Amino acid sequence: MKGHFRNFFVHFELIIGSVFLSITSVLVLINVFTRYFLRFTFNWTEEVAVGAFVWVIFLGLASAYKTKGLIGIEVLTNLVPDKYQPIVLMITSSVVTVLSGTMFYLSFLYFMNSTKITAALELSYKFIYIAIVISFGLITIYSIYFLVQSIRKVFLKRDVKLEIGDPEDQGVEE
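Residues numbered from 1 in each chain as written. Predicted model: local features only at pLDDT ≥ 70, side-chain atom pairs only at ≥ 80, totals over all residues. Heavy atoms only, no water.

- Labelled according to an unreviewed UniProt entry, the chain appears under the name TRAP-type C4-dicarboxylate transport system, small permease component, originating from Proteiniclasticum ruminis.
- Entered under Subcellular location (unreviewed entry) in the UniProt record, the comment concerning the chain runs "Cell inner membrane".
- Looking at the Sequence similarities (unreviewed entry) heading of the UniProt record, one finds this comment for the chain: "Belongs to the TRAP transporter small permease family." (UniProt positions renumbered as here; feature names shortened; annotations may be inferred.)

### Examining the overall build of the chain
Right, so step 1: When you go through the chain residue by residue, the secondary structure sums to 6 helices and 0 strands.
Right, so step 2: Classification of the 174 residues of the chain by burial places 33% in the buried group.
Right, so step 3: Of all intrachain contacts in the chain linking residues separated by at least 6 positions in sequence, the fraction that spans at least 24 positions is 58%.
Right, so step 4: Carbon and sulfur atoms make up 71% of the accessible area of the chain, which totals about 11000 Å². (Helix = DSSP H or I, 4+ residues; strand = E, 2+ residues; numbered from the N terminus. Buried < 20%, exposed > 50% of the residue type's maximum accessible area, 1.4 Å probe, protein only. Contact = heavy atoms within 4.5 Å. Areas by Shrake-Rupley, 256 points an atom, 1.4 Å probe, with all protein chains shown as cover.)

### Examining helix α5 (residues 85-113)
Right, so step 1: A rise of 1.5 Å per residue sets the reference length of α5, with its 29 residues, at 42 Å; its end C-alpha atoms lie 41 Å apart and thus fit the reference within 8%.
Right, so step 2: Close packing links the buried residues of α5 with α3 (43-66), α4 (71-79) and α6 (126-156). (Expected span 1.5 Å × (residues − 1).)

### Focus: the UniProt feature "transmembrane region" (unreviewed entry) in the chain
Right, so step 1: Listed under "transmembrane region" (unreviewed entry) in the UniProt record, and renumbered for this structure, are residues 12-36, 48-65, 86-107 and 127-148.
Right, so step 2: Overall, residues 12-36 shows 100% helix and 0% strand. The separation of its end C-alpha atoms is 36 Å.
Right, so step 3: In this annotation, residues 127-148 is assigned 100% helix and 0% strand; the end-to-end C-alpha distance for the span is 33 Å.

### Details of the confidence of the model for the chain
Right, so step 1: Of the residues in the chain, 90% reach a pLDDT of 70 or more, and the chain-wide mean stands at 89.
Right, so step 2: The lowest-confidence element of the chain is helix α1 (residues 2-10), averaging 79 in pLDDT; the highest-confidence one is helix α2 (residues 12-37), averaging 96.
Right, so step 3: Low confidence marks residues 170-174, where pLDDT is under 50. Its contacts with residues over four positions away, or in another chain, come to 16 contacts. (pLDDT = per-residue confidence, 0-100.)

### Thoughts on the packing of aromatic side chains
Right, so step 1: Going through the model one piece at a time under the given rule, you end up with 11 aromatic pairs.
Right, so step 2: In this structure an aromatic cluster arises from ring pairing among F40, F42 and W44.
Right, so step 3: The cationic tip of K68 hangs over the ring face of F146; the distance from NZ or CZ to the ring centre is 3.7 Å.
Right, so step 4: Its guanidinium or amino end placed over the ring of Y125, K116 lies 4.6 Å from that ring's centre, counting from NZ or CZ. (Phe/Tyr/Trp six-rings, centres within 6.5 Å; stacked < 30°, edge-to-face > 60°. Lys NZ or Arg CZ within 6 Å of the ring centre and 35° of its normal.)

### Notes on the pattern of salt bridges
Right, so step 1: Applying the stated criterion across every chain, the model contains 2 salt bridges.
Right, so step 2: The salt bridge involving E13 is made with K66; its shortest N-O contact spans 3.0 Å. Residue E13 is found in helix α2, and its partner K66 is found in helix α3; the two are separated by 53 residues along the sequence.
Right, so step 3: You can call E13 buried: its relative accessible area is 2%.
Right, so step 4: E46 is the partner of R35 in a salt bridge, and the nearest nitrogen-oxygen pair spans 3.6 Å. With R35 in helix α2 and E46 in helix α3, the pair connects residues that are 11 residues apart, well separated along the chain. (Salt bridge = Lys/Arg side-chain N within 4 Å of Asp/Glu carboxyl O.)

Right under this line is the structure:
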């Protein structure tokens, strides 16, 4: 049981994103079926599907950054010789930390000042916008982690594991 909780917390973006992707898929399929075979549609399904899809996109972004799946950052790091890669990683982590921290702050302000409601369900768009805040908050946390690890690698001259995974797999490799 303890392993399941640990696995959930390590991969929670993917798990929650998968739930939202399933909701999106089921609602779109239901809407297509009812439109073409039963000749009616549910007005609320599009709103819920779009909202769930926004959650999928932003949780996927956080997960991709955490697992180093963003191609632009990896390409930039791999363009330089191995000797300088830790320095480039430290610089890119610093830039991502500043940018994601700024986006976190701005998205939080946008979320707090939002008064817009959906047309069919009359729910606040805050349920959708909070996904953006959470995503940039997670990216900021992960980039700070990568920054600290890259600083340790540059200044301690030790090989440091830079992936976020199981807690017992973290730290300096001797």
